[in-house]
Amino acid sequence: MGLLDKAIAWGEKKSPWIIHFNAGACNGCDIEVVDALTPQYDLERLGILQQGSPRHADVLVCTGAVTLQTRDRLKQIYDQMSTPKFVIAVGTCACTGGIFDSCYCVTGGIDTIIPVDAYIPGCAVRPEAIIDAVSKLLASLDRKEGKRE
Amino acid sequence: MSERNDHKVVLPIGPQHPSLKEPGSFKITLDGEKVERAVVEIGYNHRGIEKACESRNYTQDLYIIERVCGICSHAHTSCFCQAFEDMAGLEVPRRAYYIRGIVGELERLHSHLLWLGVASHEIGFDTLFMYTWRDRELVLDLLAQIGGNRVNYGVNTFGGVRRDLEADLMQDILHVCDQLEEKIKYYADLATTETTLIARLKGIGVLTPEDVRHFSAVGPVARAAGILDDIRVVEPYGVYKEIPVNAVTDDHCDVYGRTLVRVKEMLESIRLIRVMIREIPEGPISVRAPRKLPAGETLRRVEAPRGENIHYIRSNGSDMPDRVRVRAPSEANWHGMSYMLEGFQLADVPIIIAAIDPCYSCTDRAVSLSSGRDEQIASWDQLRLFGIEQYKKNGIDPGSIAIRPF
Ligand code: SF4
């Protein structure tokens with residue numbers, strides 16, 4: 001079964017809602033996240049829906065190296081999400097700080113603040129990579145179903 | 001949300017909010033449905049890029065500068081490269097200028113299509129949002145073919161460009177231009193005839209020519225008020241010295257005017273790409289660039305999709321810049337934001353904000369240092385003295401570095 005088929009098969013079972021937060025990205029990865037939701041890639045056909053409020057979302061899609069200004073907000077948003085919750089770090093700077101690592105106003109990757117479940121490297125990531133990561137995350141959920149609180 | 005004794009409501013929006021992709025926060029005081037006061041708080045995206053540039057060498061800086069903003073990355077590197085080439089006295093090959101021009105116009109196309117989508121999303125016209133983002137993919141695919149990456153294509157380098165345009169690729173570009181032209185003409189038609197769209201956009205977020213001058217707004221915001229502020233026209237650089245641009249202006253002075261300006265600019269970009277591809281000369285695409293710059297300073301301007309982009313470099317003769325300053329167009333356009341919002345309906349707030357095509361990652365440059373209650377902003381001289389003291393404490397005498405007076 002192809003990757004997309006797997007994702008679609010899973011999507012039939014469940015429909016994860018995502019929320020997107022920019023913690024200090026250059027905007028490159030953010031537009032790719034939105035791109036993944038628009039007709040060419042259309043994540044929505046897998047049941048993935050973008051949500052406005054963290055309280056409604058299952059997956060936090062986070063881009064960018066965390067700046068000092070967004071640090072507390074990121075934590076807050078993560079705390080507001082209901083469990084089970086998952087975090088995807090999109091882009092090299094979300095994974096490690098990337099090119100902005102060691103800037104005075106940057107704390108580093110998303111995982112310096114909140115736990116991350118999936119890392120997508122790339123600067124900028126391609127929408128295909130985002131789809132891949134989401135499907136992998138979903139597959140791993142299948143494996144440890146119910147274990148995670 | 002909090003209600004005050006005078007029954008006015010203060011509505012905080014952001015920094016995480018559904019309508020914009022980037023963190024920015026607004027405190028809006030409402031009298032009923034009317035916006036009485038709007039306070040804009042930005043700076044969530046401040047990463048310290050200028051200082052990062054100052055502690056790396058020029059070649060490394062190019063990659064950081066590219067990541068100031070993922071939407072108009074080419075405009076930023078073009079500006080930075082031009083400043084560098086100016087100081088180094090490099091003679092850039094003509095073909096390189098043309099390639100920069102073509103990529104720059106493609107970038108304008110994708111940025112304006114992106115804007116059109118976001119703007120239509122803000123007014124609840126999601127069909128158009130999906131249409132424009134679908135069409136935008138055509139441009140992104142081209143950019144990926146040219147530079148190997150959909151965003152941050154890394155085409156520019158000091159002394160020219162890194163990627164040549166093959167004949168087939170140019171054919172592809174022309175082909176996409178034909179496809180896009182048809183679609184953009186349709187959007188232009190839509191923008192001038194669709195009554196609901198016009199009714200929604202007309203008369204809001206007004207910025208008259210005097211206001212534009214007062215707030216020093218740039219780009220489509222200024223052009224929508226009839227002020228010809230297009231660096232490609234008023235101070236042609238690179239390829240635009242040879243291929244003149246027909247600047248687009250409008251006199252609606254409102255969000256509708258900004259929409260028209262952007263849609264017409266896309267058609268102009270397509271024309272420019274066609275002319276550039278027709279006229280592109282043969283030859284080398286880059287010259288060897290030095291690692292170090294002679295001491296001195298320079299300031300260059302280019303026209304990014306959102307307006308005038310300014311880069312300033314000061315060099316002390318080493319391979320690292322002494323000071324880099326990036327003034328992105330959104331930074332100029334934010335000044336008039338509160339003024340634009342005040343007096344309009346709450347429902348118009350998202351589209352008025354979107355109408356300047358704000359880019360937070362471009363904007364968030366400056367930082368103000370505050371300690372407790374007595375806030376203070378250090379001037380450049382104070383910072384310099386502070387730096388010198390710190391170095392002296394570490395046993396280094398920075399006095400030997402000669403810098404031209406500022
Ligand atoms: S990974 Fe690269 S493209 Fe993505 S937000 Fe960071 S700098 Fe921008």
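Residues numbered from 1 in each chain as written. Chains lettered and ligands numbered in written order. Predicted model: local features only at pLDDT ≥ 70, side-chain atom pairs only at ≥ 80, totals over all residues. Heavy atoms only, no water.

## Here's the deal with the side chain of B:T259
All names here are of chain B.
Right, on to step 1. On the secondary structure map, T259 appears in helix α11 (residues 255-279).
Right, on to step 2. When its relative accessible area of 5% is taken as the criterion, T259 is described as buried.
Right, on to step 3. Here T259 is in contact with W115, L116 and L201, once residues within four sequence places are set aside. (Helix = DSSP H or I, 4+ residues; strand = E, 2+ residues; numbered from the N terminus. Buried < 20%, exposed > 50% of the residue type's maximum accessible area, 1.4 Å probe, protein only. Contact = heavy atoms within 4.5 Å.)

## A look at the site of the ligand
Right, on to step 1. Near the ligand you find A:A25, A:C26, A:C29, A:G91, A:T92, A:C93, A:F100, A:G122, A:C123, A:A124, B:R67 and B:N152, and these make up its full shell.
Right, on to step 2. Residues within reach of the ligand are spread across chains A and B.
Right, on to step 3. Broken down by class, the residue content of the shell around the ligand amounts to 7 nonpolar, 4 polar and 1 charged. (Near = heavy atom within 4 Å. Nonpolar A, V, L, I, M, F, W, Y, C, P; charged D, E, K, R; others polar.)

## Notes on the sheet that holds strand β7 (residues 118-120) of chain A
Residues and elements named next belong to chain A.
Right, on to step 1. The parallel open sheet is built from 5 strands, whose spatial order is β2-β1-β3-β5-β7. Each end of this open sheet is capped by a strand with a single partner; those strands are β2 (49-50) and β7.
Right, on to step 2. With 5 bridges joining them, strand β3 (residues 59-63) and strand β5 (residues 86-90) adopt parallel strand pairing. Looking at β5, one finds that L60 is bridged to V87.
Right, on to step 3. Sheet strands in contact with helix α3 (residues 68-80) are β1 (17-22), β3 and β5, and its direction is about 170 degrees off that of β1. (Pairing = 2+ DSSP bridges. Axes fitted to C-alpha atoms, helices over the stretch in contact; angles between N-to-C directions.)

## Considerations on the pattern of salt bridges
Right, on to step 1. Enumeration according to the criterion identifies 38 salt bridges over all chains in this entry.
Right, on to step 2. The salt bridge partner of A:D35 is B:R150, with a shortest N-O separation of 2.5 Å. Of the two residues, A:D35 is situated in helix α2 (residues 28-37) and B:R150 in the loop between α5 (126-147) and β5 (156-157); the pairing between them involves two chains. There is no split in this pair, since A:D35 and B:R150 are both buried.
Right, on to step 3. Connected via shared salt-bridge partners are B:E105, B:R108, B:R223, B:D230, B:R232, B:E265 and B:E303. (Salt bridge = Lys/Arg side-chain N within 4 Å of Asp/Glu carboxyl O.)

## A short note on the confidence of the model for chain B
All names here are of chain B.
Right, on to step 1. On average, residues of chain B score 86 in pLDDT, and 92% of them reach the 70 mark or higher.
Right, on to step 2. In the model of chain B, strand β10 (residues 370-371) stands out as the element of lowest mean pLDDT, 52, in contrast to α11, which has the highest, 93.
Right, on to step 3. ipTM for the predicted complex: 0.85, alongside a pTM of 0.87. (pLDDT = per-residue confidence, 0-100.)

## Describing the pairing of strand β3 (residues 25-31) of chain B
Residues and elements named next belong to chain B.
Right, on to step 1. Where burial is concerned, most of β3 is hidden: 5 out of the 7 residues are buried.
Right, on to step 2. Across 5 bridges, strand β2 (residues 9-13) lies against β3 in antiparallel orientation. Counted as the bridge partner of P12 is K27 from β3.
Right, on to step 3. Across 7 bridges, the pairing between β3 and strand β4 (residues 34-41) is antiparallel. Within the sheet, the bridge partner assigned to F26 lies in β4 and is V40.
Right, on to step 4. Where β3 hands over to β4, the hairpin turn is made up of 2 residues, of which G32 adopts a positive phi near 70 degrees.

## A few points about the domain arrangement of chain B
Right, on to step 1. On domain assignment, one finds that chain B holds domain 1 (49-363) and domain 2 (371-406).
Right, on to step 2. Centre-to-centre, using C-alpha coordinates, domain 1 of chain B lies 35 Å away from domain 2 of chain B. (Domains from an automatic or database assignment.)

## Things to note about α3(A)
Residues and elements named next belong to chain A.
Right, on to step 1. Residues of α3 that are buried: T70, L74, I77 and Y78. Along the axis of α3, the buried residues cluster in a sector spanning 95 degrees; they form a single face.
Right, on to step 2. Summarising the contacts, the buried residues of α3 are in contact with β1, β3, β4 (66-67) and β5. (Arc of directions from axis to C-beta.)

## Looking at the packing of aromatic side chains
Residue and element names in this part refer to chain B.
Right, on to step 1. Per the stated rule, a full pass over the model turns up 9 aromatic pairs over all chains.
Right, on to step 2. Judged by centre distance (6.0 Å) and plane angle (45 degrees), the ring pair of F80 and F158 falls under tilted. Pair noted here: F80 is in helix α3 (residues 73-88) and F158 is in the loop between β5 and β6 (160-161), with a separation of 78 residues, a long-range link.
Right, on to step 3. The class for F158 is buried, based on a relative accessible area of 7%.
Right, on to step 4. Taken together, a centroid distance of 5.2 Å and an interplanar angle of 75 degrees make the contact between Y237 and Y240 edge-to-face.
Right, on to step 5. With a relative accessible area of 7%, Y237 lands in the buried category.
Right, on to step 6. What makes Y240 buried here is its relative accessible area of 6%.
Right, on to step 7. Three or more aromatic residues joined by ring pairs make a cluster, and in this case those are Y58, F80, F84 and F158. (Phe/Tyr/Trp six-rings, centres within 6.5 Å; stacked < 30°, edge-to-face > 60°.)

## Some details on the environment of B:G48
Right, on to step 1. Along the polypeptide, B:G48 turns up in the loop between β4 and α1 (49-54).
Right, on to step 2. With residues near it in sequence (within four places) discarded, B:G48 still touches A:C103, A:Y104 and A:C105.

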